[in-house]
Amino acid sequence: MIKSIGILLIAAAILWIEAPPLLEKKYKKELLVFSILLVIGVGLSITLFGFKRPIPNPFDLLTFIFKPLNDLISLLLK
């Protein structure tokens, strides 16, 4: 729980430092992208460090999707 709060405090500090210049320059789209990436990063960090849960590897998803396709192509080319 303490680690989760620490991660949230660090994310709040990053937002406090980075958001005002983006708002002053009227970079709304950049602020939106920055916020989305920060939320994703904070969520993954809390999951990994705060709750001690493993984060799935994106390569496993690609393998799951393309393995049957690869097998099918291998059968057709034989």
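Above this note sits the structure.
Model, not experiment: these values are computed from the prediction.

Rules of the game
- Residues numbered from 1 in each chain as written.
- Predicted model: local features only at pLDDT ≥ 70, side-chain atom pairs only at ≥ 80, totals over all residues.
- Heavy atoms only, no water.
- Helix = DSSP H or I, 4+ residues; strand = E, 2+ residues; numbered from the N terminus.
- Expected span 1.5 Å × (residues − 1).
- Bend = angle between axes of the 7 residues up to and from the residue.
- Buried < 20%, exposed > 50% of the residue type's maximum accessible area, 1.4 Å probe, protein only.
- Contact = heavy atoms within 4.5 Å.
- Core = buried A, V, L, I, M, F, W, Y, C linked by side-chain atoms within 4.5 Å.

**A look at helix α1 (residues 2-24)**
Working step 1: For α1, which comprises 23 residues, the first-to-last C-alpha distance of 34 Å matches the rise-based estimate of 33 Å (1.5 Å per residue) to within 8%.
Working step 2: The largest bend in α1 comes to about 30 degrees, at Glu18, with the proline Pro20 one to four residues further on.
Working step 3: Taken as a whole, α1 has its buried residues at Ser4, Ile7, Ala11, Ala19 and Leu22.
Working step 4: Those residues of α1 that are buried lie in contact with α2 (28-50).
Working step 5: Phi for Lys26, located one or two positions after α1, is positive at around 60 degrees.

**With respect to the environment of Leu37**
Working step 1: Relative to the helices and strands, Leu37 is located in helix α2.
Working step 2: Classification of Leu37 by relative accessible area gives exposed; the value is 55%.
Working step 3: Distance from Leu37 to Ile10, taken between C-alpha atoms, is 14 Å for residues 27 residues apart in sequence.

**What to know about the nonpolar core**
Working step 1: Core analysis: the biggest nonpolar cluster contains five residues, these being Ile7, Ala11, Leu38, Val42 and Ile46.
Working step 2: For this core, the leading source of residues is α2, giving three residues.
Working step 3: In this view, Ala11 contacts Leu38 and Val42; residues no more than four positions away in its chain are not counted.

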